[in-house]
Amino acid sequence: MPAAETPNVLVLPSPFFSDGDTIRLLEPADCDTRAVLGQVVSGAYDKPFIIDDGTTRSLHFSLSLIQSTMSLKDPFALELDYTQAMMSFLLFLPKPRNILMLGLGGGSLAKFCYRNVGSACITVVEIDPRVIAFRDQFELPPDDERLQVREGDGADAVIESGGWSERPDVIVMDAFDRHGISGSVNSRYFYQTVHDALAGRGVMVANLAGERLDRAAHLAMIAEVFDDRVLTMSLADGNDIVLAIRAPGFAPRWREIGNQAKALRQRTGLDFPKFAERLERSRRLRYA
């Protein structure tokens, strides 16, 4: 987004926490701050905003929905359980060359991959320019030869990526708005385009949140398209992490994956052995 079009980030004392905490909004400096804060409290505010409590900085679509959280002491760490679990694709594809991410949020996954996943090229597609406008607040590195953040629809980006000279090895789907799963990714056709866009050994990893029936419907579509080459993790926060593998001969060697998990934990600090155990259980139970 050109700098001239970047909305103003207004920093105000937070009405929710202790003195020194702030709320950051995409509003002009001369706006009616009392009215804006009233809309935030009532749930009528329809733009993303940030709450900074002095320790963490969190992106919200509403007071009840934290989309992304950043530690101010370690901006490149993954603070939320679901973002950590989404990195489990590395158990099956430890050296991806191209990663396509649908949804930017606070940039947690993009930053983590930028620092920890070799020389992978990362393309992030975010439909809401107001989310992109907060990228500096979350210390996302500037675009370069390895990282590109683009405004656009994720479903269109998947179709486009199928024509890349090197198709994506990983497609990361975290495409949520304040109403739940984005409508553009809510179809079997969408998941078929994901399958077709992936490189031969490619992996899709998706964060499914929201109503249980909606999550079950998405899981059913994914399993149908990927011919049941699907692994899942249900997290305590209510999110479901789903991995879908394109390769028809997918047959995980769990002992080797366990060794890989230990090496990844040593390198990144994330509990990959726990992820591997949960995914193996889901495979054994046939996604029950």
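Residues numbered from 1 in each chain as written. Predicted model: local features only at pLDDT ≥ 70, side-chain atom pairs only at ≥ 80, totals over all residues. Heavy atoms only, no water.

S.K.: It is not clear to me how the sheet that holds strand 8 (residues 147-151) should be interpreted in this structure. Could you clarify?
M.R.: The strands that make up a sheet are held in pairs by hydrogen bonds between backbone atoms, and each pair lies either parallel or antiparallel. Across the sheet, seven strands lie side by side as 8-7-6-9-12-14-13; this open sheet has mixed pairing. Where the open sheet ends on each side, the last strands, each with one partner, are strand 8 and strand 13 (230-234). The sheet shows a mean angle of 15° between the axes of neighbouring strands, direction not considered. As judged from the six bridges shared by strand 12 (residues 203-208) and strand 14 (residues 240-245), these two strands associate in the antiparallel manner. Within strand 14, the position partnered with V205 by the bridge is L243. Helix-sheet contacts for helix 6 (residues 188-197) involve strand 6 (98-102), strand 9 (170-173) and strand 12, and the interaxial angle to strand 9 is about 150°. Packed on one face of the sheet, helix 9 (residues 272-284) meets strand 13 and strand 14 and runs near 120° to strand 13. (Pairing = 2+ DSSP bridges. Helix = DSSP H or I, 4+ residues; strand = E, 2+ residues; numbered from the N terminus. Axes fitted to C-alpha atoms, helices over the stretch in contact; angles between N-to-C directions. Contact = heavy atoms within 4.5 Å.)

S.K.: Whenever I open this one, the packing of helix 5 (residues 154-161) against helix 6 confuses me. Can you help?
M.R.: In a packed pair of helices, the relevant descriptors are the angle between the two axes and the axis-to-axis distance. Contact geometry for helix 5 and helix 6: axes closest at 8 Å, N-to-C directions at 30°. Like other packed secondary-structure pairs, helix 5 and helix 6 cross with a definite hand, here left-handed. Seen from helix 5, the contacting residues are A155, V158, I159 and S161; seen from helix 6, they are Y189, F190, T193, V194 and A197. When the residues that make up the contact of helix 5 with helix 6 are grouped by side-chain class, the tally is seven nonpolar, two polar and no charged. (Left-handed = near helix turned anticlockwise from the far one by under 90°. Nonpolar A, V, L, I, M, F, W, Y, C, P; charged D, E, K, R; others polar.)

S.K.: Quick question: what am I supposed to make of the nonpolar core here?
M.R.: Formed by 56 residues in total, the largest nonpolar core has its most connected members in M87, F89, L91 and I99. Element by element, the count of residues in this core is highest for helix 3 (residues 108-116), at five residues. Ignoring anything within four residues of it in the chain, the contact list for L91 reads I257, Q260, A261, L264, F272, F275, A276 and L279. Core analysis: the next-biggest nonpolar cluster, separate from the first, contains 25 residues, L100, M204, A206 and I222 among them. (Core = buried A, V, L, I, M, F, W, Y, C linked by side-chain atoms within 4.5 Å. Buried < 20%, exposed > 50% of the residue type's maximum accessible area, 1.4 Å probe, protein only.)

S.K.: How should the sheet that holds strand 3 (residues 49-52) be read in this particular structure?
M.R.: Judged by pairing direction, the sheet is antiparallel, and its five strands sit side by side in the order 1-2-3-4-5 without closing on themselves. A single partner strand is all that each edge strand has here, and the edge strands are strand 1 (10-13) and strand 5 (65-71). Shown here is a sheet whose adjacent strand axes are inclined to one another by a mean of 25°, direction ignored. Sheet topology places strand 3 next to strand 4 (residues 56-62); four bridges connect them, and they run antiparallel. Bridged to D52 within strand 4 is R57. Relative to strand 2 (residues 22-25), helix 1 (residues 33-42) is tilted by about 95°, and along the sheet it contacts strand 1, strand 2 and strand 3.

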